[in-house]
Amino acid sequence: MEVLGSGANGTVFRAKDTLLRRDVAIKIWNLNGLERSRDEISKIAQFQHPLIVSTYLFDYAGGVPYGVMELVEGMTGKKWLEKGPDLRARMRFWGRYSEALGILHRSGTVHGDPHLGNVLLSGSGCESMQTGSGTGFVFKLADTGTSVFWGNHDDFETREEKLIVETARKLFKPFGLGKVFKIPTNISYALAVSLIDRFVEYLWRVYECVDWDRRSENATFIAEHIIATPLFDIHAAVKQVEKSGVTDAGRLCRRVNANLVNGGILDLDQDEFRSDALVEFEAKKAALITSLKERTHPGFGVEHPGMSSFRFAHWY
């Protein structure tokens, strides 16, 4: 057998299923993971979905637990990111990552360890994944966690949220996550996914819709998007938008002013933000952060966290 990877709780090998004549992955747990092995594998085994690694068998050999799982030829998300994929590829990746987590979360399951090392990408599709061209790559979420946080459900959920946000930052920090758009800490993991979905939708409009004939439409969409999710540094967002060429700063400022303080009426002489519009925006931001931290926010108009219409329309 060939060693594919090793972690704190066990080692994964490549093996041959001689009865079914197929290659498989076998995870053998060590002493650290002995007690948690059944919990770990049963969490992911309940799901049958193209975005989640399939589990074929769990058993013991000489008292040692092992699991037989689908073999995904290729690399981890961590290795893929080291190759420097472009923004379109990163948005594609996020769409699948977000949806895979949404499948777990909607069932009441917390992954527990959703970092880039637990995402597998097929070798056949990794080359096209660097530029986001094509849709033929295989994405699989694997290896649910049962860390020391398992004993405390609140700690486990906090870990889930932190790892999701950390993954998003690794993907999108070069495009403004953390500067143009800041996610509050200590919020629910499901809302963290939804917030990042919103930011990625903003990135899609800013960088993928550069069309001189749509500058007015783009300004309207971006202004409404920023106001609906007021976690943006509004001045940094304007600079990013204008630099991309998707619209100009004046159009965007006029639409933000119209939505916040002008009763929906565009004033063509307002090429900058009105001071009272900025005050209103910051008040909306403070209210949103409070509702997120207090877990009272109803969501963002998406039927299920992790199922944005944007992703299905453009990146799935």
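Provided above is the structure to which this section pertains.
Just so you know, these numbers come straight off a predicted model, no measurement behind them. (Residues numbered from 1 in each chain as written. Predicted model: local features only at pLDDT ≥ 70, side-chain atom pairs only at ≥ 80, totals over all residues. Heavy atoms only, no water.)

Here the focus is the overall build of the chain. A count of helical and extended segments in the chain gives eleven helices and eight strands. The buried share among the 316 residues of the chain stands at 52%. At a minimum sequence separation of 6, the contacts of the chain that also span at least 24 residues come to 66%. Of the roughly 14,900 Å² of accessible surface on the chain, 51% is carried by carbon and sulfur atoms. (Helix = DSSP H or I, 4+ residues; strand = E, 2+ residues; numbered from the N terminus. Buried < 20%, exposed > 50% of the residue type's maximum accessible area, 1.4 Å probe, protein only. Contact = heavy atoms within 4.5 Å. Areas by Shrake-Rupley, 256 points an atom, 1.4 Å probe, with all protein chains shown as cover.)

Bringing the environment of Val 256 into the picture now. In this structure, Val 256 sits in helix α9 (residues 249-260). Considering only alpha carbons, one finds Val 256 and Ala 277, 21 residues apart in sequence, at a separation of 7.5 Å. Residues within four places of Val 256 in sequence aside, it is in contact with Ala 223, Ile 227, Ile 234 and Phe 273.

What follows covers the pairing of strand β7 (residues 119-122). Alignment of strand β6 (residues 74-76) against β7, held across three bridges, turns out to be antiparallel. Bridging from a neighbouring strand, Met 75 pairs with Leu 121 of β7. Bridge analysis of β7 against strand β8 (residues 139-141) gives three bridges, and the strand direction is antiparallel. Bridging across to β8, Leu 121 finds its partner in Phe 139. (Pairing = 2+ DSSP bridges.)

The next thing to look at is the environment of Gln 240. Relative to the assigned elements, Gln 240 resides in helix α8 (residues 234-244). Using a relative accessible area of 9% as the deciding quantity, one classes Gln 240 as buried. Spatially, the C-alpha atom of Gln 240 lies 8.9 Å from that of Phe 175, the residues being 65 residues apart in sequence. Contacts of Gln 240, omitting those with residues within four sequence positions, involve Phe 175, Gly 176, Val 180, Tyr 202, Leu 203, Val 206 and Tyr 207.

Another aspect to go through is the side chain of His 225. Mapped onto the elements of the fold, His 225 is located in helix α7 (residues 215-228). His 225 sits in the buried class, given a relative accessible area of 5%. Side-chain polar atoms of His 225 contact the backbone oxygen of Arg 198, separated by 2.6 Å. The residues contacting His 225, other than those within four sequence positions of it, are Arg 198, Glu 201, Tyr 202 and Phe 232. (Polar contact = N/O pair within 3.5 Å; in protein donor to acceptor, adjacent residues only side chain to side chain.)

For the structure shown, the criterion picks out 17 salt bridges. The closest approach of N and O atoms between Glu 208 and Arg 88, which form a salt bridge, is 2.3 Å. Taken together, the positions of Glu 208 in helix α6 (residues 189-208) and Arg 88 in helix α3 (residues 87-106) put the pair 120 residues apart, joining distant regions of the chain. Overall, the relative accessible area of 35% leaves Arg 88 in the partly exposed class. Between Arg 215 and Asp 248 there is a salt bridge, with its nearest N and O atoms 3.3 Å apart. Of the two residues, Arg 215 sits in helix α7 while Asp 248 sits in the loop between α8 and α9, which places them 33 residues apart along the sequence. (Salt bridge = Lys/Arg side-chain N within 4 Å of Asp/Glu carboxyl O.)

Let us look at the sheet that holds strand β4 (residues 55-61). An order of β1-β2-β3-β5-β4 is seen for the five strands of this open sheet, with the pairing classed as antiparallel. Strand pairing shows two members of the sheet lacking a second neighbour, β1 (2-6) and β4, which therefore form its edges. Between one strand and the next, the sheet's axes are offset by a mean angle of 25 degrees, whatever the strand orientation. Relative to strand β5 (residues 64-70), β4 is paired through six bridges, and the arrangement is antiparallel. Paired with Thr 55 across the bridge in β5 is Met 69. Strand contacts of helix α1 (residues 37-45): β3 (22-29), β4 and β5, with the helix running at about 165 degrees to β4, the strand carrying the most contacts. (Axes fitted to C-alpha atoms, helices over the stretch in contact; angles between N-to-C directions.)

Taken as a whole, α8 has its buried residues at Ile 234, Ala 236, Ala 237, Val 238, Gln 240, Val 241 and Ser 244. Residues of α8 that are buried in the fold lie against α6, α7, α9 and α10 (275-293).

Right, let's talk about the pairing of β1 for a bit. Summarising the sheet, β1 and strand β2 (residues 10-17) pair through four bridges and their orientation is antiparallel. When the sheet's bridge partners are listed, Gly 5 is paired in β2 with Val 12.

Now for the packing of aromatic side chains. Taken as a whole, this structure holds 13 aromatic pairs when the rule is applied. Each ring, one from Trp 80 and one from Phe 93, has its centre 4.6 Å from the other, and the planes form 10 degrees; the classification is stacked. Of this pair, Trp 80 sits in helix α2 (residues 77-82) while Phe 93 is found in helix α3, placing the two residues 13 residues apart along the sequence. For Phe 93, a relative accessible area of 0% corresponds to the buried category. Pairing Phe 199 with Phe 232 gives two aromatic rings, centres 6.4 Å apart and planes at 45 degrees, and the pair type is tilted. Within this pair, whereas Phe 199 is found in helix α6, its partner Phe 232 is found in the loop between α7 and α8, the two being separated by 33 residues in sequence. Looking at Phe 199, the relative accessible area reads 0%, which means it is buried. Through pairs of rings, three or more aromatic residues link up here, namely Trp 80, Phe 93, Trp 94, Tyr 97, Phe 139 and Phe 172. Against the face of Tyr 56 rests Arg 22, its NZ or CZ located 3.9 Å from the ring centre. One Lys or Arg, Arg 205, reaches over the ring of Phe 221 and ends 4.1 Å from the middle of that ring. (Phe/Tyr/Trp six-rings, centres within 6.5 Å; stacked < 30°, edge-to-face > 60°. Lys NZ or Arg CZ within 6 Å of the ring centre and 35° of its normal.)

The values reported here are purely geometric and, on their own, carry no functional implication.
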